[in-house]
Each structure stands twice: as C-alpha cells, then as structure tokens.
Amino acid sequence: MATSNGVFDQDPELSHGFPVAPRQILHLRACTNCVRAKAKCSVGVDIKGRCERCDRMNKDCTPSPPMRKRRAMKRPSVIETSKLEQKLDGIVTLLKSASQGAPVLSAPSTNTSLDYSPSSCDGFGNAEAAIDPSYHEHTYAKQFPSMHITKKFLTPKALSSYSSEQTVPNFPPLLLHLSLQPSPEDSELYLNKFRTDFAKHVPFILISPSVTSIQLRQARPILWVCIMAVASSNSTQQIALSKEARAIFGREAFVEGTKNMDFLLGILVYATWDQHHSMDRPIFVILLQIAIAMLYELGLDKPASTDPGLILSNEMKGLRHPSRSATMEEQRAWFGCFLMSSRSSAISRKGDALRWTAYSNECLRVIESQNEVASDILLVQQVKLRLISERVTDAPWSSAMMAVDSTNFAIFYLRSMETQLLAFKSTIPAELSQNKTLLMEVHDTSLRIHEIALCHKPDIFSADSNQRLKSLHACLNAVSSWVLIFLSIAPSQYVGLPTTTFAQFVHFFVSIYRLETFEDPLWDRRLVQETLDVLTFLETAERNLMLVKEAAGLDRDGSDDVDIFSVFAARLRVFKMWWVARNSNAAAGTLEGEGTVDFNVGFLDNEWFKDILEPWNG
C-alpha cells in the first residue's frame, strides 16, 4: 500500500516478500491473575501484551512480582571448626616467631641425606638401604600447605639440612592441639629420657642422640606423640597425651588407612610403655593385632621378592618395594612386635603371637651377626628366650593333646624345655649376666615351664614320678629369684619398665598364693613361708612405688592428677590387707579346685586385673 509521500508501508504479514511469524509476548513469570487462580499462564499474541486467559476474560495482565528464595544457612561442622582453629593457631605461632626474629625455615633440598648408621650414633635405620620418600609420607602434612612440607621433608634423610645447633621456630601442630604440646624444652627432655630410661629395656627402636625432638616430630609425627606420652613427667599431661594417642591410632588405622613405619613404631612404643592404657581400659591385645596387621601390610614378614607382578602391585598401593630387603630398623620393629605379642598371649591368654617363620630366623641371624649396636645383643637374647617360652603354649598337657599323648611324653616334653632354658642361661653374654630385665625374663620363663605342676590333673604326672615335686621347687625358686631382682630395682628406674613387668608382678603374686595353698602329700607348704616373706615383699614394693614420684622427678609443677605408680601402690596396699586378713582366718578370697582365685575386693573389677587373673580363675 502506497502512502501520501509515495512510500509504501510494509505489509505486516510480509517482510521483503517473506512471511513473518506473529509477535509473541515472552513472559518470564506468570501474571498475577493466573498466580492467584493457580492456572496456566500461556503467552498470548495480543498487541496489548496480555496472556491468553487474561485476554479471554478481558482483564489487565500484570506480571507477578519476583520472589527471592532464602538460602539455608549452613552451619560449619565440628571438623571444619577444628581445622579453622588449627590454622589460626598456626598463624598465631608464625606471627609470634616472626616477632621474635626467628629465622624462616625453608623446605630442604632433595639431594640431602642424613647418615643414621651405627657409626653416626644409631639413627632411624640402615644407611645402606635406600628409603623411598613416599614410604614416610604422612597425611597430616596436607593440613599445612603453608609449611611447604613435601615428601622429602618427611624422610629421615631430608633432616640433614638442619643441624642440631640451628634455631628452629615452633611449628604448627601436626597431630596435637597447642594445649597438649609439650614445650620445646620439655619435648627434648622427654626424648632424652626415652633414650636412656625406656628403650634400654626392650631395644627394638633406636634414635640417635644427634636427632632433636623437632626433627623426630617432622620425620615420625606419630612416634613423636607416643614418646611424649610415655616419657612425660607431668601426670595430667601424660593422661591427656595417652588419650590423644588412642584417638590418633583409631583415625590412622580405620579412617586414613595409614601403613608406614611411623605408625608401626608408634603403636609398639605405646603398647610397651604406656601404663595408663593397661591400668584403665586395656587395649593391649587390640594394639598388638593392629601392629601385626601393619607388619603384614608392609611386607616385613617375607624376604625380598623379584616377582614383577608383586612389585607393580605394591607400587600402586604405595607400599614398601618388595624387591628391597628389610632395613635393620624394620627387622628390629618385627622382633619388638614378636616380643610384645608373645608376652600378651602368655599373660592374658588372649590373641596369638606373631608367627615365627624361617625368614624370622634369617633376620635374627643378621642382627646377631652384624651386631651394629650394643643393645642388639639384648634384643637377640630376649627373642631367643621368648622362643623357649612360646613352646609352653604348645605343650602336650593341653586338654586337646592329652587325649592322644601319653604321660611319659608330657614329662619328656617338660624336661626338654627345661634343658633348653638351661642351655640358654649358659650362653648369656658376660655383659648381660647382671641385666635385670633379662634375668627377670629368665625366671618368668622358668615359672611358665614348671607351673603345670600346680595343676591337679592326674594324667599329667605318673604316680611313681617325682617330676611334680621337682617342678614345684622350680616354681618356688623362680618366684623368689624374680622377687629379689624386682625389689633391687631403684624407684627412679620404675618409669622405664615396660607394662609387662607389672603384669609379671601380679602373675608371680598369684603363683606365690597357689604354691602356699597347693595340697599334695609330697609338697611341704611351709617351704614357701621359709623361702619368701610375702608381707615384706608387698610392703617393700608398695614403698618403692610411692617413692617413684620424688625419685624420678614426676609432677614437679604440682599437677592435680595422681601418677600411675601411686595408683599401683594403692592396689598393692589392698593386696597386703587381703594377705593379712587371710592369714588371720578372715580371708576375703580362697583357692579352690585347680587353682581358682577369687579376690573379693572392689578394685579388682578393673579389666587389667581380670586379664591377669583370668587364666587362674578356672
């Protein structure tokens, strides 16, 4: 159509000769009327911009106002709050260090190495063995990226970039909250105390005197926590660290799935020396079973393998390279686990000891022949002695074997073990002839061999044999000898004794009671009273335990918690009261049958004492 000015208006249905689609009103939101009626709001084609429903009803079509959804407030979890607190504590520590002018510690170079061989004071392992950096990696390094803690930083070799004279700032906590961490001075004191007073009794771990506490903490954080827990001189701090160590074990074993030497050594140190876990809620057997599983996971129970499939599988899992021979550190840890698991099964009759194999014999031969340090001699002797004691559990007088084995064979088996023990005693090196730890183990082994004589089973010893009488005398000699050695230990040295020593104490006390009440026509029970004054023994042991706090310098800062040795002394006081009452015909417990023992005292509901006394409770 032409207009007055000669210009044609474009037909709305045509555009350059092509049809044009009708205009559509795009509604981002439904109109108000449709919202109220809860009806579908369809886009209309009306030029007034109304929807189809409003156009049909001739109503004004107004888009509904926008409605903003409220976002749900997400509260931070306890874990996130704890992580934030740790980061803030780390920042505060760094700021304090910076304000004091402490030098900044940079990450070590990757080409450094530290000699931990015996020639350099016996460090973490054999210097000849190559240590895989990923083998010592720890998951806690990921929590502090600002510290630049790399895999190399967590290896013992990388520690060589820091000398013992170098000033090192306080690091943010890798495992412990700041409130639980010992001061730098105390941590060095505890580490030195562990070297001198603890490790000498069960020497499955060696830490060079040149290694500082901060270096150990960076290389082996779990081990460091456990050493701080067992060697702390503050009872309040020691209890808190002991509980924290348990939490670390649970998290590492079942949440993180950690498998490395740091974790293994930490468990062994805690199980061997922490007195709190054994006296309150014992987890001794559980810890040792975790340690045994760790040994298997790390492949320390087998010789080096050349199987390419096994090598690839272990590399994918991040485990120890199966073609690499075990280091001396790893072999000592294996024997430490064997010693503790064997003692656990012998004392509480729970769990199985680490299985001894031909490869174990080879590792023992290597340690004995190389003899890198003086403490290896004691470790070898302890292992050999435990092998004799382990044979007691396989003795033919168990109910399953007595059905098929004759009495004469049982006596032959007992005499064979007695001969092995005598041969061992004749080969003890001169430098260990007065070692009290080893001698107490010798007497404990002798008692375990001969205490079968306290059993009334008629089919063990023949009527015409005097073997029962010989074994009863051997038990009495073992008990009296062990008591004399224990009472000769200075109270200041009690802090370093392993937990199994105090378990032996209860075992020997029960054995004294069984010997004094054992009824047999050939046995004179007066020999027990003539050989050993039980009341004096208990009084002396109680007095020595009460002197530990002052002699060993515990709780000099006046902590509120009672030290564990005072707790044990209080329990011996109850033992003494019970013994006096028994001798005055007012006994609180009696022995019946085959050696049943029932201490009718409230504190003996404690799980630790139940574990010790259970084997003699029928």
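Model, not experiment: these values are computed from the prediction. (Residues numbered from 1 in each chain as written. Predicted model: local features only at pLDDT ≥ 70, side-chain atom pairs only at ≥ 80, totals over all residues. Heavy atoms only, no water.)

**Student:** Where do I start with the overall build of the protein chain in this structure?
**Tutor:** A tally of helices and strands in the protein chain yields 23 helices and 4 strands. When each of the 618 residues of the protein chain is scored for burial, the buried share is 49%. The long-range fraction of contacts in the protein chain, counting pairs at least 24 apart against all pairs at least 6 apart in sequence, stands at 71%. When the accessible surface of the protein chain is split by element, carbon and sulfur atoms take 54% of a total near 31000 Å². (Helix = DSSP H or I, 4+ residues; strand = E, 2+ residues; numbered from the N terminus. Buried < 20%, exposed > 50% of the residue type's maximum accessible area, 1.4 Å probe, protein only. Contact = heavy atoms within 4.5 Å. Areas by Shrake-Rupley, 256 points an atom, 1.4 Å probe, with all protein chains shown as cover.)

**Student:** Would you explain the nonpolar core in this entry?
**Tutor:** Generally speaking, soluble globular proteins have nonpolar side chains that are buried together. Within the largest apolar cluster, 66 residues are counted, with the highest numbers of intra-cluster contacts made by Phe194, Ile227, Phe249, Leu264 and Val269. Those elements that provide at least two residues to this core are helix H4 (184-198), helix H6 (221-231), helix H7 (235-256), helix H8 (261-273), helix H10 (284-298), helix H12 (328-348), helix H13 (358-370) and helix H14 (375-390). For Phe194, the residues in contact, after removing those within four places along its chain, are Ala199, Ile205, Ile207, Ile227, Val230, Ala231, Val269 and Trp273. In terms of nonpolar packing, the next biggest core, distinct from the first, is built from 62 residues, Ile489, Phe508, Leu545 and Leu572 among them. (Core = buried A, V, L, I, M, F, W, Y, C linked by side-chain atoms within 4.5 Å.)

**Student:** Help me out: how do you make sense of the packing of helix H19 (residues 499-517) against helix H21 (residues 534-551) in this one?
**Tutor:** Each pair of packed helices can be described by the angle between their axes along with the distance between the axes. H21 packs onto H19 with a crossing angle of 165° between their chain directions and a minimal axis gap of 12 Å. As the angle between them shows, H19 and H21 are arranged roughly antiparallel. Relative to H21, the crossing made by H19 is left-handed. When H19 is examined against H21, the residues Phe502, Phe505, Phe509 and Ile512 are found in contact with a partner set consisting of Val534, Phe537, Leu538, Ala541 and Leu545. (Axes fitted to C-alpha atoms, helices over the stretch in contact; angles between N-to-C directions. Parallel < 35°, antiparallel > 145°, perpendicular 65-115°, else oblique. Left-handed = near helix turned anticlockwise from the far one by under 90°.)

**Student:** Hey, could you run me through the pattern of salt bridges in this one?
**Tutor:** A full pass over the atoms with the stated rule returns 13 salt bridges. Glu329 is the salt-bridge partner of Arg220, the closest N and O atoms lying 2.8 Å from each other. You can see Arg220 sitting in the loop between helix H5 (213-219) and H6 and its partner Glu329 sitting in helix H12, a full 109 residues away along the chain. Given the relative accessible area of 0%, Arg220 is considered buried. With a shortest N-O distance of 2.7 Å, Arg573 and Glu542 are connected by a salt bridge. (Salt bridge = Lys/Arg side-chain N within 4 Å of Asp/Glu carboxyl O.)

**Student:** Would you explain helix H17 (residues 436-450) in this entry?
**Tutor:** Residue pairs three or four apart in sequence face the same way in an α-helix, which turns once every 3.6 residues. For H17, built from 15 residues, the straight-helix expectation of 21 Å at 1.5 Å per residue is met to within 8% by its first-to-last C-alpha distance of 21 Å. Most of H17 is tucked away, with 13 of its 15 residues classed as buried. (Expected span 1.5 Å × (residues − 1).)

**Student:** Is there a simple way to think about the side chain of Glu542 in this case?
**Tutor:** Note on placement: Glu542 falls in helix H21. At 3.2 Å, the side chain of Glu542 and the side chain of Lys576 are in polar contact. The residues touching Glu542, leaving out its near neighbours within four places in the chain, are Ala569, Leu572, Arg573 and Lys576. (Polar contact = N/O pair within 3.5 Å; in protein donor to acceptor, adjacent residues only side chain to side chain.)

**Student:** I'm lost on empty space enclosed by the protein in this one. Help?
**Tutor:** If a probe the size of a water molecule is rolled over the atoms, the empty space left behind becomes visible. For the structure shown, the criterion picks out 9 cavities of 30 Å³ or more. By volume, the largest cavity amounts to about 170 Å³. Lining the largest cavity we find 18 residues, and of these Val230, Ser232, Gln238, Ile564 and Phe565 sit closest to its centre. If you list the elements that add at least two residues to the lining of the largest cavity, you get H4, H6, H7, helix H9 (275-279) and helix H22 (564-583). For the lining of the largest cavity, the leading source of residues is H6, giving 3 residues. Looking at the lining of the largest cavity residue by residue, the class counts come to 9 nonpolar, 6 polar and 3 charged. (1 Å grid on protein atoms, 1.4 Å probe; cavity = no way out; pocket = protein on both sides within 12 Å on 5 of 7 lines; lining within 4 Å. Points joined across faces, edges and corners; volume = space filled by probe spheres on them. Nonpolar A, V, L, I, M, F, W, Y, C, P; charged D, E, K, R; others polar.)

**Student:** Hey, could you run me through the state of the cysteines in this one?
**Tutor:** Note on terminology: disulfide describes a covalent bond linking the sulfur atoms of two cysteines. Scanning the model with the defined rule gives 0 disulfides in all. Free of any disulfide, Cys34 has its nearest neighbouring cysteine sulfur in Cys31, separated by 3.3 Å. (Disulfide = S-S within 2.5 Å.)

**Student:** I'm lost on the environment of Ala374 in this one. Help?
**Tutor:** Here Ala374 shows up in the loop between H13 and H14. Separated by 171 residues in the primary sequence, Ala374 and Pro203 place their C-alpha atoms 9.8 Å from one another.

**Student:** Even after reading the chapter, I still don't get the environment of Arg448, so can you show me in this structure?
**Tutor:** Along the chain, the position of Arg448 falls in helix H17. Judged by relative accessible area, Arg448 falls into the buried class, the value being 6%. Along the chain, Arg448 and Cys475 lie 27 residues apart, while their C-alpha atoms are 8.3 Å from each other.

**Student:** How should I be thinking about a nonpolar patch on the surface in this particular structure?
**Tutor:** A contiguous nonpolar patch, built from Leu84, Leu88 and Ile91 and spanning about 290 Å² of accessible area, is present on the exposed surface. Mapped onto the elements, Ile91 comes out in helix H3 (residues 78-99). (Patch = residues over 30% accessible without salt bridge, like charges linked within 9 Å, V, L, I, M, F, W, Y side chains within 5 Å.)

**Student:** Would you mind showing me how to read the packing of aromatic side chains here?
**Tutor:** Tallied over the entire structure, the rule returns 26 aromatic pairs. Grouped by ring-pair contacts, the aromatic residues Trp482, Phe486, Tyr494, Phe502, Phe505, Phe508, Phe537, Phe565 and Phe568 constitute a single cluster. Across the ring face of Trp224, the terminal group of Arg217 is positioned such that the distance to the ring centre comes to 5.0 Å. Above the ring of Trp579, the side-chain terminus of Arg582 is found at 5.1 Å from the ring centroid. (Phe/Tyr/Trp six-rings, centres within 6.5 Å; stacked < 30°, edge-to-face > 60°. Lys NZ or Arg CZ within 6 Å of the ring centre and 35° of its normal.)

**Student:** Would you mind showing me how to read unusual backbone geometry here?
**Tutor:** For residues besides glycine, phi is generally negative; the peptide bonds are generally trans as well. Positive phi, normally seen in glycine, also occurs at Asn58, with a value near 55°. For Asn58, a relative accessible area of 60% gives the class exposed. Even without being glycine, Asn371 reaches a positive phi, approximately 50°.

**Student:** What exactly am I supposed to notice about the packing of H19 against H22 here?
**Tutor:** Relative to each other, H19 and H22 sit at 5°, their axes nearing to 13 Å. Taken together, the axis directions place H19 and H22 in an arrangement best described as roughly parallel. Listed contacts from H22 to Phe502, Phe505, Phe509, Ile512, Tyr513, Glu516 and Thr517 of H19 are Phe565, Phe568, Leu572, Phe575, Trp578, Trp579 and Arg582. Grouping the amino acids of the contact of H19 with H22 by side-chain chemistry returns 11 nonpolar, 1 polar and 2 charged.

**Student:** What should I look at first to understand H4 in this one?
**Tutor:** Between the first and last C-alpha of H4 there are 20 Å, a value that for 15 residues agrees with the 21 Å anticipated at 1.5 Å per step. Along H4, the residues classified as buried are Ser187, Tyr190, Leu191, Lys193, Phe194, Arg195 and Phe198. Where H4 is buried, its residues contact H5, H6, H7 and H8.

**Student:** Is there a simple way to explain the side chain of Ser187 in this structure?
**Tutor:** Relative to the helices and strands, Ser187 resides in helix H4. Once you skip the residues sitting within four places of it in the chain, Ser187 turns out to touch Pro182, Ser213, Trp224 and Met228.

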